[in-house]
Amino acid sequence: MEQGKRIMSGMRPTGKLHLGHYFGVLTNWVKLQNDYECFFFVADWHALTTKFDKTDDLQQNCLDVVLDWLAAGIDPEKCVIYVQSQVPQIAQLHVYLSMITPNNWVERDPTLKDLVKMVKTDESNNKPDVSYGFLGYPVLMAADIMMFNVDYVPVGIDQVAHIEIARDIARRFNNIYKVDLFKEAQPKLTQIPLLKGLDGQKMGKSFHNDIKISDDEETTAKKIMQAITDRSRARKDDPGHPDKCEVAFSYWEAFGDKETIETVKAECCAGKRGCVECKRQLACAVNDYLRPLRERRKYYENHIDEVREIIAKGSEKARIEAQKVLEQVQDAVKMYR
Ligand code: TRP
C-alpha cells in the first residue's frame, strides 16, 4: 500500500462489458481499491468523439458500465464512481489545456491514429470525418487525469501514448505559468493477460466472440461450446495438447483452481477427456465463477435508483475535488475571478 496515493481510470460507455474487460481491467481495479484512493469514471464525452451522432443508447450504456463495475466488486464505499459529464470542471480545464497544447502533439498521437478507424468516412472525399473534438481526445484525457492530480493511471498498453501526452501537458502547464501545481501521472500497466475471444482472436463486442458478464448461464454455455480447442485433434480419445488448445484451456487457467487445471491437463494429455465433455465442464466452472457477480448485477438492475444515487454521490464528491484544482488553475493563468 502506498499511503495517500491517488489513482484514476475510466472507460468509454460502450455498453455491457465482457470477460476481456473483467480480467483485463476490472479485477485489477478491484485490487487497487484497497490500496489507493480511487476515482473511476464513465468517459461519456469521450464517447462523443467518435459517436456524436449515435447517442440513443448513451444513458443506458453509462448505467450498464457502472452495473458491470458493481457486479465485478467495485465498491462505492471505497471508490469515487462518477460520470465525466456530471463534472463540468473537467470541460473547463480542457479549455485551458487546449490553449497550451501544440497541434502536433495531438496529431502524432499513435493511439488516436488507431481510433480514427472507428470514425465514419466522409462520403464526399472518402476520408475519416474527424472532428475538432476528436483531435482533442488526448487533451480531454489529460484534463480527466490532471483534474484530480492523480499519481497513477491503471490502463492497458494501448493507452500509454495518451498518458504520455497528459504528462507533457502537465509539465508544460507548470512551466508556462511557473507553478508546481500538476503531478506527472504514471501509467500503471495491467499485468493480467487479456482473455481471448471464443475464436482465438482478441475478445470484442463487434467481433461476436465475447461472453458478457451479464449473459445468462444458458447463453454462456452455448458460447463456450463453440470455443476453439486443439485443431489437430481428430478423435476424443486421441491424446490432446493443452498448449495447442487455442481457447478452452486458457479459460480453464482463468476460471479453474490449481487442482482442477492439473486434472484437466493430465486427462487431456492422456486422451481421457474429449473436447466436448471438457467444454461442458468448463461452462459449469465459468457459470459457477460468475454466479455471484451476476446476482449482484441483477440486484442493482432491480434497484437502479441505488445505482443512480451512487453515481450522483460520486459525481458530487468529484465536483468538490475538481473545483479546488480548477480555482488553482484559474489563479495560475491569472483569470478574472
Ligand atoms: N481512453 C480510455 C479508453 O478508451 C478511456 C479514458 C478516458 C481514460 N479518459 C481517461 C482512461 C483517463 C484513463 C484515464 O479506454
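Scope of this entry: the structure provided in the associated data block. (Residues numbered from 1 in each chain as written. Predicted model: local features only at pLDDT ≥ 70, side-chain atom pairs only at ≥ 80, totals over all residues. Heavy atoms only, no water.)

## What to know about the overall build of the protein
1) Next: Helix and strand counts for the protein come out as 14 helices and 7 strands.
2) Next: Taken against the 2.2 N^0.38 rule, which gives 20 Å for 337 residues, the C-alpha radius of gyration of the protein at 22 Å falls within 12% of a compact globule.
3) Next: In terms of overall dimensions, the protein has a C-alpha envelope of 80 × 50 × 35 Å along the principal axes.
4) Next: Counting all 337 residues of the protein, 48% fall into the buried class. (Helix = DSSP H or I, 4+ residues; strand = E, 2+ residues; numbered from the N terminus. Rg over C-alpha atoms; globule rule 2.2 N^0.38 Å. Buried < 20%, exposed > 50% of the residue type's maximum accessible area, 1.4 Å probe, protein only.)

## Some details on the pairing of strand 7 (residues 186-189)
1) Next: Relative to strand 7, strand 6 (residues 152-155) runs parallel, the two being bridged by 4 bridges. Counterpart to Val153 in the pairing with strand 7 is Pro187.
2) Next: Between strand 6 and its parallel partner strand 7, the chain crosses via helix 9 (residues 160-176), and the hand of that crossover is right-handed. (Pairing = 2+ DSSP bridges. Right-handed = clockwise from strand over helix to strand, strands pointing away.)

## A look at the site of the ligand
1) Next: In the vicinity of the ligand there are 14 residues, among which Arg12, Tyr137, Met141, Asp144 and Gln159 approach most closely.
2) Next: Asp144 is positioned with one of its side-chain polar atoms (N or O) 2.7 Å from a nitrogen atom of the ligand.
3) Next: In this structure, Gln159 approaches the ligand through a side-chain N or O atom, which is 2.9 Å from a nitrogen atom.
4) Next: About the coverage of the ligand: the protein hides 93% of its 370 Å² of free accessible area. (Near = heavy atom within 4 Å. Polar contact = N/O pair within 3.5 Å; in protein donor to acceptor, adjacent residues only side chain to side chain. Areas by Shrake-Rupley, 256 points an atom, 1.4 Å probe, with all protein chains shown as cover.)

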